[in-house]
Amino acid sequence: MMHMIKLCVGVSTLEELEGYRSERAHWWGADYGEDVHVHRTRTMPKRRDEIEGQGSIYWVIAGVVRCRQPILRLAEAVDEQGLKCCDIIMAPDMVRTIPRPKSPFQGWRYLDPKDAPADMTHAGFDEGGSPELAEELARLGLI
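Just so it is clear, the model here is predicted, and its values are computed rather than measured.

A. Molecular detail of the layout of surface pockets. In this structure, the largest pocket encloses a volume near 240 Å³. Residues of the lining of the largest pocket, tallied by class, amount to 3 nonpolar, 2 polar and 5 charged.

Written as structure tokens, this is what we have:
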């Protein structure tokens, strides 16, 4: 299994990402069903078989990994300029993770499962747990 990690450029909160994902689902005319989110990227991962249906995409928001979305499928696509690209088809669920600072990078990167931040629920936070408290505890090295 392998994950991906991606910056959310221009997005400052998880709530903003959730709203953005809802709006963006059909921008490219890609229709993979109603219960998915789609992100278009330029390159198809070479490790596709390790990601599809097994991995997640971890979102870096304002310099911190804050959540992940399970990747259902990677689909070959063609953009408006006729260039090959990849549609990352994800479950709509945004799973909050233990906040972890992440330096800027371009594009997406592979993320080994052993290096992926744990889900907040696995760290003892319930669904309504404070993300601010989790971020402060993570900054202090307590979670």
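B. The arrangement of the pattern of salt bridges in detail. For the structure shown, the criterion picks out 7 salt bridges. Taking the shortest distance from any N to any O, the salt bridge between R68 and D119 comes out at 2.8 Å. Note that R68 is positioned in strand 4 (residues 64-78) and D119 in the loop between strand 7 (108-111) and helix 3 (131-139), a separation of 51 residues in sequence. By the burial criterion, R68 is buried, and D119 matches it. Notably, a salt bridge pairs K114 with D115, separated by 3.5 Å at the nearest N-O pair. Exposure remark for K114: the relative accessible area of 67% places this residue in the exposed category. In the salt-bridge network here, residues are joined through shared partners; they are R48, E52 and E76.

What counts, and at which threshold
- Residues numbered from 1 in each chain as written.
- Predicted model: local features only at pLDDT ≥ 70, side-chain atom pairs only at ≥ 80, totals over all residues.
- Heavy atoms only, no water.
- 1 Å grid on protein atoms, 1.4 Å probe; cavity = no way out; pocket = protein on both sides within 12 Å on 5 of 7 lines; lining within 4 Å.
- Points joined across faces, edges and corners; volume = space filled by probe spheres on them.
- Nonpolar A, V, L, I, M, F, W, Y, C, P; charged D, E, K, R; others polar.
- Salt bridge = Lys/Arg side-chain N within 4 Å of Asp/Glu carboxyl O.
- Helix = DSSP H or I, 4+ residues; strand = E, 2+ residues; numbered from the N terminus.
- Buried < 20%, exposed > 50% of the residue type's maximum accessible area, 1.4 Å probe, protein only.

Shape descriptors only; they carry no functional weight alone.
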